[in-house]
Amino acid sequence: ISAEYGWGYSVGYYFAVVFMTFGLFNVITSIFVDNILAAAKFNELRMKRDRLSNQKMFAEKALALVDLVCREQQKAGTLPPYILTESGDLKEDLDCLLGIELSPEFFEHLRGLNEFQNILRDLDISDEEQLDLFDTLDVDGSGAIDLEELIQGIAKLRGDARRSDIVSVSLMVRSLQANIESIERHVRKQHKAQRQALDLLRASASCGQRKSDSTP
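Since we're looking at a predicted model, the values are computed, not measured.

Student: Describe the packing of helix α3 (residues 55–76) against helix α6 (residues 114–122), listing the residues and the values that go with them.
Tutor: A pair of packed helices is characterised by two quantities: the angle between their axes and the separation of those axes. Where α3 meets α6, the closest approach of the two axes is 10 Å, and the angle between their N-to-C directions is 160 degrees. Relative to α6, the element α3 lies roughly antiparallel. When you trace α3 past α6, the crossing you get is left-handed. Judged by residue contacts, Met 57, Lys 61, Ala 64, Leu 65, Leu 68 and Arg 71 of α3 engage Glu 115, Phe 116, Ile 119 and Asp 122 from α6. In terms of residue class, the contact of α3 with α6 is made up of six nonpolar, no polar and four charged.

So, in structure tokens, the structure goes:
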């Protein structure tokens, strides 16, 4: 090529070939990497969906969580006495266990345990969600949550926020708003009826007073 077209053309030609070759390989590599990442993401989402739908795994982790709470309360000496048998073992009375209340201090102690953190991670509760988990579950602001609230709250928090969650909250707020408006109308109606009855009573009393004043 250099003999026929000159060294400048040959150098440009070689650079063009190298550039196109590397460019083509980069495109092929990027497509391959994108496919690998897409496949890995798909597999991760599928595994996460399988975990979220695995009720047996959730039941096992929930029981492990209950067992951990009971063990820690036994160590702290705060486990209610009606939970314990004469031998010191926990009763198999789930209703009693779920009634155990957790204070903010005790929950903070639990959150510092690796076993507690690992159980929540296995249930797809992110570390960010764990930071304010107590405040999230204490919906009535009583300053305490029981085990039943803990288990039910964790079941609701599992996984990412879904569109159905947002729609469900919106519908509940709309229903609550409609109920409040209905109560407001009823209260206004009762208030109006009471005002009318009070005015009638005042008019009747005033009429009676005038009659008594006019009587010699």
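Having put the structure on the table, let's press on.
Student: Report on the confidence of the model for the protein chain, specifying residues and quantitative values.
Tutor: Per-residue confidence for the protein chain gives a mean pLDDT of 78; residues scoring 70 or more make up 78%. Residue range residues 84–92 is modelled with pLDDT below 50. Its contacts to residues more than four positions away, or to other chains, number 14 contacts.

Student: Could you give an account of the nonpolar core, with specific residues and numbers?
Tutor: Among the nonpolar cores identified, the biggest contains 26 residues, and Leu 102, Phe 107, Leu 150 and Ile 154 are the most heavily contacted of them. At the level of elements, α3, α5 (104–111), α6, α8 (133–137) and α9 (147–157) are the ones that each hand at least two residues to this core. Looking at this core element by element, the count peaks at eight residues for α3.

Student: Can you break down a nonpolar patch on the surface residue by residue, with the values?
Tutor: There is a patch of nonpolar side chains on the surface, built from Phe 32, Val 33, Ile 36 and Leu 37 and spanning about 390 Å² of accessible area. Along the chain, the position of Phe 32 falls in helix α2 (residues 7–53).

Student: Describe the packing of α3 against α9, with residues and values.
Tutor: Axis separation between α3 and α9 bottoms out at 11 Å; the angle between their running directions is 145 degrees. Judged by the twist between their axes, the crossing of α3 over α9 is right-handed. Across from Phe 58, Ala 62, Leu 65, Val 66 and Val 69 in α3, the residues of α9 making contact are Leu 147, Leu 150, Ile 151, Ile 154 and Ala 155. Tallied by class, residues from the contact of α3 with α9 come to ten nonpolar, no polar and no charged.

Rules behind the numbers
- Residues numbered from 1 in each chain as written.
- Predicted model: local features only at pLDDT ≥ 70, side-chain atom pairs only at ≥ 80, totals over all residues.
- Heavy atoms only, no water.
- Axes fitted to C-alpha atoms, helices over the stretch in contact; angles between N-to-C directions.
- Helix = DSSP H or I, 4+ residues; strand = E, 2+ residues; numbered from the N terminus.
- Parallel < 35°, antiparallel > 145°, perpendicular 65-115°, else oblique.
- Left-handed = near helix turned anticlockwise from the far one by under 90°.
- Contact = heavy atoms within 4.5 Å.
- Nonpolar A, V, L, I, M, F, W, Y, C, P; charged D, E, K, R; others polar.
- pLDDT = per-residue confidence, 0-100.
- Core = buried A, V, L, I, M, F, W, Y, C linked by side-chain atoms within 4.5 Å.
- Buried < 20%, exposed > 50% of the residue type's maximum accessible area, 1.4 Å probe, protein only.
- Patch = residues over 30% accessible without salt bridge, like charges linked within 9 Å, V, L, I, M, F, W, Y side chains within 5 Å.
- Areas by Shrake-Rupley, 256 points an atom, 1.4 Å probe, with all protein chains shown as cover.
- Salt bridge = Lys/Arg side-chain N within 4 Å of Asp/Glu carboxyl O.

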